Amino acid sequence: MSRYEKLLNMLMDFDGSIEFAAVSDTTGKILWNSARSNLKLKVPLDETKNVLKRESGDWIDRCKAEDRIGLGRALYHITSFEKTKHVTIPVDAFHLLYIVVNNEPMVKSKKKSYGRLVEMGKMMSIVDFVNTFE
Amino acid sequence: MLMDFNDSIRFAAVCNTNGDIVWTSQREGIKNIVSLDETKQTMMRAIEAWAQNSNLKGHVGSGLYSITSYEKIKRITVPLDDDGKILFISVNNSSTKNSKTKSYGQIADMGKILSIVDFVKSER
């Protein structure tokens, strides 16, 4: 099992709200993926491939910007929709992690809900942990 | 309202679909890390991304916000309306205290930011 497959397995085990996770190359081509069993994907795979192509291009721009402007290392990107959050994290120089997390409110609340909190600290620590096994 | 609500917000702007900044606010005493030209380029990319994200609306609902997290700051965009205006916010992301575990920055209080945006929309 490659460390990328290990990464996907660890993420799916860590958080039941993760619906889909994939590792792509720098062109956005999906190399490994894992989908939660008994759950139908909200976004068709073809559409996800289009999203990943754009995200890959955006990450190339962000990594170039790291050297040009003084923001420090780019860590992650989240796009939040009403039903899902889409997270991208650069795993290394050649691979991008893409995660789809359920964002529908867990309980009914009197106040308007804008979705769930994503535990980015834990996700990032899993990525860092798996990267130590190269 | 945004600048008053959260001291860690360094810069906020609203731009239109052409990337023109139509409103901006900068926290006093804080020097920009990123040049305005660079920020404009980021906003243009965000406008394109939100336009493409609209293809997903039928599957996952409306887009709420995006966050790009760097070691020093978080850059947040919020689509404001159907005519394509977006709100851009730059928030301090440096760790506030020493921790035994590795820090990946501060949590952006998106619930409060979005509730302010909704409140302002309702006042129009």
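Each chain carries its own residue numbering, running from 1 in the written order of its sequence. Labels are handed out in written order, letters beginning with A for the chains and numbers beginning with 1 for the ligands. Only residues with pLDDT of at least 70 get local features here, since the model is predicted, and only at 80 or more are side-chain atom pairs given and counted; chain-wide, interface and lining totals rely on the full set of residues. Only hydrogens and water are removed before side-chain values are computed, so all heavy atoms of the structure are retained for them.

## Here we look at the layout of surface pockets
A cavity, in this analysis, means grid points on a 1 Å lattice covering only the protein atoms where a 1.4 Å probe fits yet has no way out; a pocket is instead an open set bounded by protein on both sides within 12 Å along at least five of seven lines, and a residue lines either one if it has an atom within 4 Å of a point. Grid points are joined across faces, edges and corners, and a volume is the space filled by probe spheres set on the points. When its volume is computed, the second largest pocket comes out at roughly 630 Å³. Lining the second largest pocket are 27 residues, and of these Ser-62, Gly-63, Pro-79, Asp-81 and Asp-82 of chain B lie nearest its centre.

## Brief notes about the packing of helix α2 (residues 45–68) of chain A against helix α2 (residues 36–53) of chain B
Where helices are involved, their axes are fitted lines through C-alpha atoms of the stretch in contact, as for all axes, and angles between N-to-C directions lie from 0 to 180°. Helix and strand definitions follow DSSP, with helices as H or I runs of at least four residues and strands as E runs of at least two, each counted in order from the N terminus. Interaxial distance between α2 of chain A and α2 of chain B falls to 12 Å at its minimum, and their mutual angle equals 170°. Overall, the two elements α2 of chain A and α2 of chain B adopt an arrangement that is roughly antiparallel. Only Glu-38, Arg-45, Ala-49, Gln-52 and Asn-53 of chain B of α2 of chain B make contact with α2 of chain A, whose side of the interface consists of Arg-54, Asp-58, Asp-61 and Arg-68 of chain A. Roughly parallel here means an angle under 35 degrees, roughly antiparallel means over 145, roughly perpendicular means 65 to 115, and every remaining angle is called oblique. Only heavy atoms matter for contacts: two residues are in contact if any of them lie within 4.5 Å across the pair.

## Description of the sheet that holds strand β5 (residues 86–92) of chain B
By way of backbone hydrogen bonds, the strands of a sheet pair with one another, either parallel or antiparallel. Strand pairing is defined by DSSP finding a minimum of two bridges between the two strands. Ordered by their spatial adjacency, ten strands build an open sheet running β2(A)-β1(A)-β5(A)-β4(A)-β3(A)-β3(B)-β4(B)-β5(B)-β1(B)-β2(B), and the pairing between neighbours is antiparallel. The sheet is open, and its two borders are formed by β2 (30–35) of chain A together with β2 (21–26) of chain B, each paired with just one other strand. Between one strand axis and the next, the sheet turns by 15° as a mean value, whatever way the strands run. Relative to strand β5 (residues 95–102) of chain A, strand β4 (residues 84–92) of chain A runs antiparallel, the two being bridged by eight bridges. Across the sheet, residue Pro-90 of chain A finds its bridge partner in β5 of chain A, namely Leu-96 of chain A. This element, α2 of chain A, spans β1 (18–24), β2, β3 (74–81), β4 and β5 of chain A together with β3 (63–70) of chain B of the sheet and lies at about 145° to β3 of chain A. Across the sheet, α2 of chain B lies against β3 of chain A together with β1 (9–15), β2, β3, β4 (73–79) and β5 of chain B, angled at about 125° from β5 of chain B, the strand it touches most.

## Brief notes about the pattern of salt bridges
Residues and elements named next belong to chain A. The working definition used for a salt bridge is a side-chain nitrogen of Lys or Arg within 4 Å of a carboxyl oxygen of Asp or Glu. Scanning the entire structure with this criterion turns up seven salt bridges over all chains. With a shortest N-O distance of 3.0 Å, Asp-92 and Arg-3 are connected by a salt bridge. Of this pair, Asp-92 sits in strand β4 while Arg-3 is found in helix α1 (residues 3–14), placing the two residues 89 residues apart along the sequence. Residue exposure (1.4 Å probe, protein chains only): buried if accessible area is under 20% of the type maximum, exposed if over 50%, otherwise partly exposed. Taking the relative accessible area as the measure of exposure, Asp-92 reaches 24% and is therefore partly exposed. Look at Arg-3 and you get buried, because its relative accessible area is 15%.

## A short note on the environment of Asp-46 of chain A
You can see Asp-46 of chain A is positioned in helix α2. On a C-alpha basis, the gap between Asp-46 of chain A and Leu-7 of chain A in space is 23 Å, while along the polypeptide they are 39 residues apart.

## Regarding the interface of chain B and chain A
Taken together, the contact between chain B and chain A spans 35 residues of the former and 36 residues of the latter. Throughout, the accessible surface (probe 1.4 Å) given up by two parts as they are put together, summed over both, is called the buried area. In terms of surface lost to chain A, no three residues of chain B exceed Val-60, Tyr-70 and Tyr-104 of chain B, which account for 22% of the buried area on that side. For the salt bridge of Arg-45 of chain B with Asp-61 of chain A, the shortest nitrogen-to-oxygen distance reads 3.9 Å. Definition of a polar contact: a pair of N or O atoms within 3.5 Å, with one able to donate and the other able to accept a hydrogen when the atoms are protein atoms, and with sequence-neighbouring residues admitted only if both atoms are side-chain atoms. At the boundary of chain B and chain A, one finds 20 residue pairs in polar contact (both at pLDDT 80 or more).

## Digging into the nonpolar core
Buried Ala, Val, Leu, Ile, Met, Phe, Trp, Tyr and Cys residues that are joined via side-chain atoms within 4.5 Å together make up what is termed a nonpolar core. Formed by 28 residues in total, the largest nonpolar core has its most connected members in Leu-71 and Tyr-98 of chain A together with Leu-56 and Ile-86 of chain B. Secondary-structure elements contributing two or more residues to this core are β1, α2, β3 and β5 of chain A together with β1, α2 and β5 of chain B. Ignoring any residue separated from it by four or fewer positions in sequence, one finds Ile-86 of chain B in contact with Ala-13, Val-14, Cys-15, Met-43, Ala-46, Ile-47, Trp-50, Thr-77, Val-78, Pro-79 and Leu-80 of chain B. If you look at the next biggest cluster of nonpolar residues, it comprises 25 residues, including Ile-18, Val-23, Val-101 and Val-118 of chain A.

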